[in-house]
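Structure assessment
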2 protein chains.
Amino acid sequence: MASLKLNDIPPDIVIGRLPLYLRALTRLKQEGNDVTSSHELGRHLGISSAQIRKDLSHFGGFGKQGTGYQIEYLVAKLEQVLQVDREWLVIVVGAGNLGSAIAHYRGFADRGFRIAWLVDASAEKIGQKVGDLSVHPISDMQTIIRQNGVKVAMLAVPAEHAQSVADQLIDAGIRAILNYAPITIKVPDNVKVQYIDPVVHLQTMTYFLRSED
Amino acid sequence: MASLKLNDIPPDIVIGRLPLYLRALTRLKQEGNDVTSSHELGRHLGISSAQIRKDLSHFGGFGKQGTGYQIEYLVAKLEQVLQVDREWLVIVVGAGNLGSAIAHYRGFADRGFRIAWLVDASAEKIGQKVGDLSVHPISDMQTIIRQNGVKVAMLAVPAEHAQSVADQLIDAGIRAILNYAPITIKVPDNVKVQYIDPVVHLQTMTYFLRSED
């Protein structure tokens, strides 16, 4: 709550870029590369090489001037920094179209997360199979979270229920919420929230559509 | 393709923050505020007030020192800069769980976009109703795009089809693709791509879970 000092680099901004670096590095590794540079990474990501070097310098000396980054080493270090060198079990709230799509999403593998539970408030959905998961009743949600020490949740419920479900998640011990509902939720200082908002991405692109070919 | 000069501010980074400013400002307006400051915006967004002032200064003088920003004026200017002071018609490819969720998403209203077409390759989905839309066959995709001058597409197909569908979209005239498939697609320089990747958001949050309460 203290006001920002001018020389503060808000760590959230730097942290928010690390997963992008990790994804680009993983891709370079899969393509058979062993070494990369801040310039190459920058080209992939549309971020300046100076920014990348500065961001990474917060977390130790990853590369030597002129020799580039060892990709495998940097991937391992970033996974460690982001704490995804382990597997977080995730609970998904809402088994509608979106929750089902999340449960089927193949982008989670080897990136630190496993969708382990899917819960819904609708009686007709309870017990249904979504991929490998069975839908649990939302009345079991807090018990699941408490018994398994779950810290991460994805919220795929209608906007009007997002705040009350978030309150229950946090009360049971959730500390990170990825919210798909188009509504801002209020959380205590010790809880992180991120939003999936397709419009933000679309608006970023329409800016560039001005010079029509 | 030219290498970045040190003094270049990559515009993509700044542009990428404008939709976040627009969303926060719209929220402040809805809550009944007429005026805000870079400090207040910064607190909402976790971005330094200096960064916000610098970003906005690229697009003209929006606020006077000490008097803050007129929210309604700044919203209108940002909508103009991002070119969302009009309505872009969007085609969604893939009418599975994800495509259906997108078609039902209520976050598009008054933000510059309208989902106008939903297409799918599966014969059994053709003609089905998803919200207000009927599913069209993917064989009509390029005709729809060409006849209506569509520039914006959302890609909600399985990863293995993402590249070939993207190629067809671009061939027909699409210039901005929001890709939900967990795969990087290759596009020409005059086409923009953004990715919805929930793992990037989750990884940003797990960093902060280190100091367990």
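Rules used throughout
Residues numbered from 1 in each chain as written. Chains lettered and ligands numbered in written order. Predicted model: local features only at pLDDT ≥ 70, side-chain atom pairs only at ≥ 80, totals over all residues. Heavy atoms only, no water. Core = buried A, V, L, I, M, F, W, Y, C linked by side-chain atoms within 4.5 Å. Buried < 20%, exposed > 50% of the residue type's maximum accessible area, 1.4 Å probe, protein only. Contact = heavy atoms within 4.5 Å. Helix = DSSP H or I, 4+ residues; strand = E, 2+ residues; numbered from the N terminus. Polar contact = N/O pair within 3.5 Å; in protein donor to acceptor, adjacent residues only side chain to side chain. Pairing = 2+ DSSP bridges. Axes fitted to C-alpha atoms, helices over the stretch in contact; angles between N-to-C directions. Buried area = accessible area lost by both parts, 1.4 Å probe. Salt bridge = Lys/Arg side-chain N within 4 Å of Asp/Glu carboxyl O. Parallel < 35°, antiparallel > 145°, perpendicular 65-115°, else oblique. Left-handed = near helix turned anticlockwise from the far one by under 90°. Domains from an automatic or database assignment. Least-squares fit on C-alpha atoms with pLDDT ≥ 70 in both. Phe/Tyr/Trp six-rings, centres within 6.5 Å; stacked < 30°, edge-to-face > 60°. Lys NZ or Arg CZ within 6 Å of the ring centre and 35° of its normal.

1. Side note on the nonpolar core
Counting 90 residues, the largest nonpolar core has Ile102, Phe108 and Met154 of chain A together with Phe108 and Met154 of chain B as the members making the most contacts within it. Apart from the residues lying within four places of it in its own chain, the contact partners of Ile102 of chain A are Val92, Phe108, Ile115, Met154, Ala156 and Tyr180 of chain A.

2. Here we look at the side chain of Asp120 of chain B
Residue and element names in this part refer to chain B. Here Asp120 lies in strand 5 (residues 113-120). One polar contact links the side chain of Asp120 to the main-chain amide nitrogen of Ala95, over a distance of 2.6 Å. Those residues within four positions of Asp120 in sequence are excluded, and the remaining contacts are Gly94, Ala95, Gly96, Lys125, Ile126, Val135, His136, Pro137 and Ile138.

3. A short note on the sheet that holds strand 9 (residues 176-179) of chain B
Residues and elements named next belong to chain B. Here seven strands make up an open sheet; going across it, the order is 6-7-5-4-8-9-10 and the pairing mixed. Each of the sheet's edge strands pairs with one partner strand only, and the pair in question is strand 6 (129-130) and strand 10 (192-195). Bridge analysis of strand 8 (residues 152-155) against strand 9 gives four bridges, and the strand direction is parallel. Within strand 9, the residue paired with Met154 across the bridge is Leu178. Here helix 7 (residues 159-172) sits on the sheet and contacts strand 4 (88-93), strand 8 and strand 9; the angle it forms with strand 8, its principal contact strand, is near 170°.

4. Describing the interface of chain B and chain A
A common way to report how large an interface is uses the accessible area buried once the components associate. Taken together, the contacts link 70 residues of chain B with 70 residues of chain A. Buried area between chain B and chain A, both sides added, is near 6700 Å², and the carbon and sulfur share of it is 66%. Run the count over chain B and chain A and you get six salt bridges. Residue Arg23 of chain B is joined to Asp197 of chain A by a salt bridge in which the shortest nitrogen-to-oxygen separation is 2.8 Å.

5. Some remarks on the packing of helix 6 (residues 141-148) of chain B against helix 7 of chain B
Geometry of a packed helix pair, given as the angle between the helix axes and the separation of the axes. Residues and elements named next belong to chain B. Close contact between helix 6 and helix 7 brings their axes to 9 Å; oriented N to C, the two are set at 30°. If you check the angle between helix 6 and helix 7, you find them roughly parallel. At the point where helix 6 passes helix 7, the crossing takes the right-handed sense. Residues Met141, Gln142, Ile145 and Arg146 of helix 6 lie in contact with helix 7, whose contacting residues are Val165, Gln168, Leu169, Asp171 and Ala172.

6. Remarks on the domain arrangement of chain A
Segmentation of chain A into domains returns domain 1 (11-81) and domain 2 (88-199). Inter-centroid distance (C-alpha atoms) of domain 1 of chain A to domain 2 of chain A is 30 Å.

7. Concerning the relation of the copies chain B and chain A
Superposing chain B onto chain A takes a rotation of 180° combined with a translation of 0.0 Å along the rotation axis, leaving an RMSD of 0.0 Å. Taken together, the rotation angle and the small translation identify this as a two-fold axis. Within chain B, Asn97 of chain B has its C-alpha nearest the rotation axis, a separation of 2.3 Å.

8. Re the packing of aromatic side chains
Counting across every chain of the model gives six aromatic pairs over all chains. Their ring planes at 80° and their centres at 6.4 Å tell us that Phe59 of chain A and Tyr207 of chain B sit as a pair that is edge-to-face. Of this pair, Phe59 of chain A sits in the loop between helix 3 (49-57) and strand 2 (63-64) while Tyr207 of chain B sits in the segment after helix 8 (198-206), each in a different chain. Owing to a relative accessible area of 19%, Tyr207 of chain B belongs among the buried residues under this scheme. Taken together, a centroid distance of 5.2 Å and an interplanar angle of 80° make the contact between Tyr105 of chain B and Phe108 of chain B edge-to-face. Both residues of the pair, Tyr105 of chain B and Phe108 of chain B, count as buried. Grouping aromatic residues by their ring pairs yields a cluster made of Phe59 of chain A together with Tyr207 and Phe208 of chain B. For the cation-ring pair, Lys192 of chain A lies above Phe208 of chain B, with the distance from its terminal atom to the ring centre recorded as 3.9 Å.

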